[in-house]
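# What the coordinates show
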Amino acid sequence: MKVVLSYSGGLDTTVCIPLLKEKYGFNEVITVTVDIGQPESDVKQAEERGKKYADKHYTIDAREDFVLELFKLIKANGEYEGYVLGTALARPLIAEKVVEVAKKENADAIAHGCTGKGNDQLRFENVFRQYGFKVIAPVRDLNLTREWEIEYAKQHGIDVPATKEKPYSIDENLWSRSIEGGKLEDPSFTPPEDIYEWTASPEKAPDEPELIKIEFEKGVPVALNDKRMGGFELINKLNEIGGRHGVGRTDMIEDRVLGLKARENYEHPAATILITAHRDLEKLVLSRRELKFKKFVEEEWAELVYYGLTNDPLYDDLNAFIDKTQERVTGWVKMRLFKGSIIPVARHSEFALYSEELVSFDTGAINQRLAEGFAAFHGLQGRLFRRLFQ
Ligand code: ARG
């Protein structure tokens, strides 16, 4: 009996290896680590530990696939309750890669290390089940606690990463870093500065603002400061620049799929920069009605992603609508980064629905008197209701 385990190299997924043998009767455990732009040292550590503790290990590079998913997210300005969807978007992709290995290895089941409290179990399993795999979730199934896991790991000769130094549960990928658990579970607790690794605190950010320029083609970012580059490089660079200026921190209460409210902390400099720029450019090129309607579409899109329901046909339908709107989202935006803030200061597009000649205070291009008839009817029903005529 063979099982493929989605593997991060952390404590939860590592104790799953002997558990799958002892408690579930598998004789072969294959670990799969998917690289979606988390720190290279994490990928390397997972690979070392997978090779050491499992029967076979795979490391799969899905960074470019993840960038393609992120392009969809940028076009959709993807945010759920103010959370830039990082982990949520990555999970189905990781699951797809794990399924590929499971098929190749002819596995009898797929296992993951998620708890029964979060969203990730839903996002993973929806994909695993779609391909007909039996799912095993030892941490959820056995109701494991961290203390028990540490004890069990020691008994099985598994070295435990120093837990005192890492009191939080961290999830990282190219797009965002999530920090949860430990003392942060108390929403009235103000987090210490050291939970943040990607972003400087705004007070310590440079005293000089920095101006950056992002160029988009059909809603996709293609250049930074007039230098064309691929998505992976661009996002990495923006994480560095934004992080330096303290841009892209979130501390929020989030409604999980199960209904639990959770306190969440995130860092996402590139995401904040790109979504701010993208929204700004859309305001220049999309019509008032398109902007209004797209907001509903974005809301639905984000909810599907958050809930791990991207296999629903609605997801494709929404992306088709979004792609249609993005045909004209080509142009550039300049933004000023300063001590945690980001402000668009200039923008341009050949598709702008903007006429300087018409709007300007300084030209006579519009016969203003024509607006008088408009004004006479505007608000008519309200005036009737108030019984004030003029
Ligand atoms: N709350 C976020 C979500 O559900 C992130 C979860 C990240 N997981 C973690 N172990 N830090 O998408």
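Notes on the structure follow. (Residues numbered from 1 in each chain as written. Predicted model: local features only at pLDDT ≥ 70, side-chain atom pairs only at ≥ 80, totals over all residues. Heavy atoms only, no water.)

## Side note on the packing of helix 3 (residues 63-75) against helix 8 (residues 231-244)
Across the interface, helix 3 lies against helix 8 with an axial gap of 9 Å and an inter-helix angle of 75°. Judged on the interaxial angle alone, helix 8 and helix 3 are roughly perpendicular. Touching Arg63, Glu64, Val67, Leu70 and Phe71 of helix 3 are Gly231, Phe232 and Ile235, all from helix 8. Of the residues belonging to the contact of helix 3 with helix 8, the class tally is five nonpolar, one polar and two charged. (Axes fitted to C-alpha atoms, helices over the stretch in contact; angles between N-to-C directions. Helix = DSSP H or I, 4+ residues; strand = E, 2+ residues; numbered from the N terminus. Parallel < 35°, antiparallel > 145°, perpendicular 65-115°, else oblique. Contact = heavy atoms within 4.5 Å. Nonpolar A, V, L, I, M, F, W, Y, C, P; charged D, E, K, R; others polar.)

## Digging into the environment of Lys227
Take Lys227: it is sitting in strand 12 (residues 227-228). Taking relative accessible area as the criterion, Lys227 reaches 48% and is therefore assigned partly exposed. Placed 13 residues apart in sequence, Lys227 and Glu240 show a C-alpha to C-alpha distance of 16 Å. Not counting chain neighbours up to four residues away, the residues in contact with Lys227 comprise Val222 and Glu233. (Buried < 20%, exposed > 50% of the residue type's maximum accessible area, 1.4 Å probe, protein only.)

## Overview of the nonpolar core
Counting 76 residues, the largest nonpolar core has Leu85, Trp175, Ile214 and Trp301 as its most contacted members. Excluding residues that lie within four positions of it along the chain, Trp301 makes contacts with Lys72, Leu73, Ala76, Gly78, Leu85, Leu89, Tyr315, Leu318, Asn319 and Ile322. Core analysis: the second largest hydrophobic core is formed by 23 residues, Ile17, Ala54, Leu144 and Tyr152 among them. (Core = buried A, V, L, I, M, F, W, Y, C linked by side-chain atoms within 4.5 Å.)

## Focus: the site of the ligand
Taken together, 15 residues surround the ligand, and among them Tyr83, Asn119, Arg123, Ser169 and Glu254 come closest. The side chain of Arg123 places a nitrogen or oxygen atom 2.8 Å from an oxygen atom of the ligand. Residue Ser169 places a side-chain N or O atom 2.7 Å away from a nitrogen atom belonging to the ligand. Relative to its unbound accessible area of 350 Å², the ligand is 91% covered by the protein chains. Counting residues per element, the ones that place at least two in the shell around the ligand are helix 4 (87-104), helix 5 (120-130), strand 8 (169-172), strand 9 (177-180) and strand 14 (261-267). When residues in the shell around the ligand are grouped by element, the largest group, three residues, is from strand 8. Across the shell around the ligand, the residue classes tally to five nonpolar, four polar and six charged. (Near = heavy atom within 4 Å. Polar contact = N/O pair within 3.5 Å; in protein donor to acceptor, adjacent residues only side chain to side chain. Areas by Shrake-Rupley, 256 points an atom, 1.4 Å probe, with all protein chains shown as cover.)

## Re the pairing of strand 8
Where strand 8 lies against strand 9, four bridges are found, and the strand directions are antiparallel. The residue bridging Asp171 from the neighbouring strand is Ser178, located in strand 9. With antiparallel pairing between neighbouring strands as the criterion, strand 8 and strand 9 make up a hairpin whose turn holds four residues. (Pairing = 2+ DSSP bridges.)

## Observations concerning the pairing of strand 16 (residues 341-348)
For strand 15 (residues 331-338) and strand 16, the ladder comprises seven bridges, and the chain directions are antiparallel. Paired with Leu337 across the two strands is Ile342, which belongs to strand 16. In sequence, strand 15 turns back onto strand 16 through a hairpin of two residues, with Lys339 there showing a positive phi of about 45°.

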